[in-house]
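Chain residues, written in single-letter form:
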Amino acid sequence: MEGRFPRLWTPDREQRDLRQLVLHRHKLVLIRSRVKNELQHLSLNKGMQRKRRLWSQAGQQLLRELPLKKWAACRREDLLGLLTMLDEQIGKLDGAVEHAAEENPQSKLLMTQPGVGPNTALAFVLTIGDVGRFPRGKQVASYLGLIPREESSGGRQKLGAITKQGNRMLRSLLVEAAQVAVVHDPGLRKQYRHRCHQKPKAVAKVAVARKLAVRLYWMLRTNVAYPEIVRIESSSGLPLVGAS
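This section reports on the structure supplied with the text. Computed from a predicted structure; not experimentally measured.

## Brief notes about the packing of aromatic side chains
According to the stated counting rule, one finds two aromatic pairs in the structure shown. Seen from the ring of Tyr 143, Arg 133 lies directly overhead, with NZ or CZ sitting 5.2 Å from the centre.

Next up, the structure:
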């Protein structure tokens, strides 16, 4: 009655429906990855190792020409049929996600960051929602499960693996986006290489994903696009938010 309880943010019906679009596409991509792994296994058993080149037209032809026994050949044909079907379905969903991201001003803002495409941008906007409910970027990283667990006692701090709480799909998309961002973003690439000298590459990727998530949060909070947000980050005299 006194209005002292904070109001919780809940997505509207349109946002919930768009979440289903992004989630459905993500699930189909995971299934496609499993199908590709099975086909790679078949080719490796016959001594053919082409890695990503297996999905080229020449690689597909070589895969179909592999001499296999009856049921192995049946498995190959079924998997190739599944792969073709999944490619068609995911292609349609990619177009729908791209259209939805282009119509959303916040998603378009996030896509100015190198490495962040329509899927990651739209998923971030739909998951975070009202950015005003997060006072700091560290809380966003905690909300997404990208901060390490802490087990400290007796004045001794011990950090473990990340908590992995929150939205698993968005966390996975951010790690994938971080791998592309380190190629095109000089600042993130420098941090990634620095981390690789001290930690395994997997840990360095997660650290860049956490940095990327915080940057995307501030881009939404301040309505500032890349590379202006990088200039603000590198200048201690420029505040990220106003006095309000």
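## Thoughts on the pattern of salt bridges
Pairs can form between side chains of opposite charge once their charged atoms are near each other. All chains considered together, the criterion is met by nine salt bridges. Between Arg 25 and Asp 94 there is a salt bridge, with its nearest N and O atoms 2.8 Å apart. Of this pair, Arg 25 sits in helix H1 (residues 13-45) while Asp 94 is found in helix H3 (residues 70-103), placing the two residues 69 residues apart along the sequence. Each member of the salt-bridge network shares a partner with another, and the members are Arg 64, Arg 76 and Glu 77.

## Some details on a positive patch on the surface
On the surface, Arg 13, Arg 16, Arg 19 and Arg 133 cluster together into a positively charged patch. Looking at the element boundaries, Arg 13 is found in helix H1. Classification of Arg 13 by relative accessible area gives exposed; the value is 72%.

## A look at the side chain of Ser 107
Checked against the element boundaries, Ser 107 lands in helix H4 (residues 105-110). Owing to a relative accessible area of 0%, Ser 107 belongs among the buried residues under this scheme. With near-sequence residues (within four places) excluded, Ser 107 lies in contact with Ala 101, Ala 121, Leu 122 and Val 125.

## So, the environment of Leu 159
By the secondary structure assignment, Leu 159 is in strand E2 (residues 159-162). Residues Leu 159 and Ile 147, spaced twelve residues apart in sequence, show a C-alpha to C-alpha distance of 9.5 Å. Excluding anything up to four places from it in sequence, Leu 159 contacts Pro 148, Arg 149 and Glu 150.

## What to know about helix H2 (residues 57-64)
Within H2 the residues assigned to the buried category are Gly 59, Gln 60 and Leu 63. Buried residues in H2, looked at end-on, bunch into an arc of 100°, giving them a common side. Residues of H2 that are buried sit in contact with H1 and H3.

Reading the values: the criteria
- Residues numbered from 1 in each chain as written.
- Predicted model: local features only at pLDDT ≥ 70, side-chain atom pairs only at ≥ 80, totals over all residues.
- Heavy atoms only, no water.
- Phe/Tyr/Trp six-rings, centres within 6.5 Å; stacked < 30°, edge-to-face > 60°.
- Lys NZ or Arg CZ within 6 Å of the ring centre and 35° of its normal.
- Salt bridge = Lys/Arg side-chain N within 4 Å of Asp/Glu carboxyl O.
- Helix = DSSP H or I, 4+ residues; strand = E, 2+ residues; numbered from the N terminus.
- Patch = residues over 30% accessible without salt bridge, like charges linked within 9 Å, V, L, I, M, F, W, Y side chains within 5 Å.
- Areas by Shrake-Rupley, 256 points an atom, 1.4 Å probe, with all protein chains shown as cover.
- Lys, Arg positive; Asp, Glu negative; His and termini not counted.
- Charge placed at Lys NZ, Arg CZ, Asp CG, Glu CD.
- Buried < 20%, exposed > 50% of the residue type's maximum accessible area, 1.4 Å probe, protein only.
- Contact = heavy atoms within 4.5 Å.
- Arc of directions from axis to C-beta.

Read these as spatial facts, not as claims about activity.
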